[in-house]
Amino acid sequence: MVSGPVLDEKAYVRGGAAQTAVKILIVGHFAVGKTTFVGTMSEIPPLTTEETMTQAGEDIDDLKGVRGKTTTTVAMDFGRLTISDHVVLYLFGTPGQQRFVQMWEDMARGALGALVLVDPERLADSFAVIDLIEQYGLAYAIAVNHFDGTPLRGEEALREALDLLPDTPVVTCDARDENSSASALITLVHYLRTVPARSKHEH
C-alpha cells in the first residue's frame, strides 16, 4: 500500500458509481520509466514482459539519450494497487516502441484514463504517444519523470512544447519514488472526475 499521500477512495468513483476496478494506462515513449513506475506502485510483484535488448534492435530502437537501457517491454507491464475494500487500481504499462502500437487498442479498452510519462530531455518523443492517447479519446495527465541530473523545466515551457490544453494536469515525479509516483496518480484521478467519460473503448 502507498505510504505517502492519502488516496481518497471517492476520487476513483465517477458520479457515485459502484465501481470496484479502475483501469489506468501508464504510457510514454521508449525508455521513459513506465516499467519502473508500475513496479514502484504495485502492491503485488508486477507482471512484466521485458526482454534483453540485442544488437539487432539497435537499428530499430532509438537509444539516443537513453542511459543504461538493457531491456525493453515487448507486451505490457501490469500492477495492482488496492485503495480500499471497494476500489482497486489496475495499472497497465504499454510498450513504447512504434512497432508495438497495434497492442494499444486492446489495452485502451475500458481504461478510465492515462498517465503519460515524459522525459524532459526528449520531449519530442512524446508527441506520437500523446496523439495516440487523444485518438483513443482518453483523458490524460502528464508526469515529467526526472532522472538523475536532468534539469527542471518550467510548467509553461512544458505546456507550450507539448502543445497541451490549459486544463491538462502537469506534475513532476520520480518513477522510482513511491510518494511522488502516488501524487502523480492522485493528480490524474482527480482530473478524471472533472471530465466527461469520453473513451471510445468503454464497455
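In what follows, the structure referred to is the one given above.
From a predicted model like this one, the values you see are computed outputs, not experimental measurements. (Residues numbered from 1 in each chain as written. Predicted model: local features only at pLDDT ≥ 70, side-chain atom pairs only at ≥ 80, totals over all residues. Heavy atoms only, no water.)

(A) Spatial organisation of the packing of aromatic side chains. For the structure shown, the criterion picks out two aromatic pairs. Through a chain of ring-to-ring contacts, the aromatic side chains of Phe78, Tyr90 and Phe92 assemble into a single cluster. (Phe/Tyr/Trp six-rings, centres within 6.5 Å; stacked < 30°, edge-to-face > 60°.)

(B) Inspection of the environment of Leu91 at higher detail. With respect to the element layout, Leu91 can be found in strand E5 (residues 88–93). Judged by its relative accessible area of 0%, Leu91 falls in the buried class. Taking the C-alpha atoms as reference, Leu91 lies 7.8 Å from Leu81; in sequence the two are ten residues apart. Not counting residues up to four positions away in its chain, the partners in contact with Leu91 are Ile24, Ile26, Val38, Met41, Asp77, Phe78, Gly79 and Leu185. (Helix = DSSP H or I, 4+ residues; strand = E, 2+ residues; numbered from the N terminus. Buried < 20%, exposed > 50% of the residue type's maximum accessible area, 1.4 Å probe, protein only. Contact = heavy atoms within 4.5 Å.)

(C) The arrangement of helix H4 (residues 155–162) in detail. Of all the residues in H4, the buried ones are Leu158, Arg159 and Leu162. For H4, the arc enclosing every buried residue in end-on projection is 100°, short of the 170-degree limit, so these residues lie on one face. Those residues of H4 that are exposed and angled more than 90 degrees off the buried face are Glu156 and Glu160. Where H4 is buried, its residues meet strand E6 (113–118), helix H3 (127–135), strand E7 (140–145) and strand E8 (170–173). Once H4 finishes, Asp163 follows within two positions and takes phi at roughly 55°, a positive value. (Arc of directions from axis to C-beta.)

(D) Broad picture of the side chain of His29. Here His29 lies in the loop between strand E1 (21–28) and helix H1 (34–41). Side chain to side chain, His29 and Arg122 meet in a polar contact 3.5 Å long. (Polar contact = N/O pair within 3.5 Å; in protein donor to acceptor, adjacent residues only side chain to side chain.)

(E) Fine view of unusual backbone geometry. Its identity as a non-glycine residue notwithstanding, Ala31 has a phi of 65°, on the positive side. Mapping Ala31 onto the fold places it in the loop between E1 and H1. The exposure class of Ala31 is buried, given its relative accessible area of 18%. One non-glycine residue with positive phi stands out, namely Asp163, at about 55°.

(F) Summary view of the packing of H1 against helix H5 (residues 178–192). It is the contact of H1 with H5, at a shortest axis distance of 10 Å, that shows an interaxial angle of 100°. In terms of their interaxial angle, H1 and H5 are classed as roughly perpendicular. Within the contact between the two elements, H1 uses Phe37, Thr40 and Met41 and H5 uses Glu178, Ser181, Ala182 and Leu185. Here the residues of the contact of H1 with H5 are counted per class, giving four nonpolar, two polar and one charged. (Axes fitted to C-alpha atoms, helices over the stretch in contact; angles between N-to-C directions. Parallel < 35°, antiparallel > 145°, perpendicular 65-115°, else oblique. Nonpolar A, V, L, I, M, F, W, Y, C, P; charged D, E, K, R; others polar.)

(G) Seen up close, the pattern of salt bridges. Taken as a whole and assessed by the stated rule, the structure comprises seven salt bridges. Glu43 is the salt-bridge partner of Arg80, the closest N and O atoms lying 2.8 Å from each other. Residue Arg80 is located in strand E4 (residues 77–82), and its partner Glu43 is located in the loop between H1 and strand E2 (50–52); the two are separated by 37 residues in the primary sequence. On the accessibility criterion, Glu43 (27% relative accessible area) is partly exposed. In this structure, Arg176 engages Asp174 in a salt bridge whose closest nitrogen and oxygen atoms are separated by 2.8 Å. Relative accessible area serves as the criterion here: at 21%, Asp174 is assigned to the partly exposed category. (Salt bridge = Lys/Arg side-chain N within 4 Å of Asp/Glu carboxyl O.)

(H) Spatial organisation of the environment of Ala124. Counting through the fold element by element, Ala124 comes out in the loop between E6 and H3. Residue classification places Ala124 among the exposed residues on the basis of a relative accessible area of 52%. Taking the C-alpha atoms as reference points, Ala124 and Leu162, separated by 38 residues in sequence, lie 7.8 Å from one another.

(I) Structural detail: the sheet that holds E1. A sheet is described by the order of its strands in space; here six strands give the open sequence E4-E5-E1-E6-E7-E8, paired in mixed fashion. Two strands in the sheet have a free side with no partner beyond their single neighbour: E4 and E8. On average, each strand axis in the sheet is inclined to that of its neighbour by 25°, with strand direction left out of account. Relative to E6, E1 is paired through five bridges, and the arrangement is parallel. Considered in E6, the bridge of Gly28 is made with Leu117. (Pairing = 2+ DSSP bridges.)

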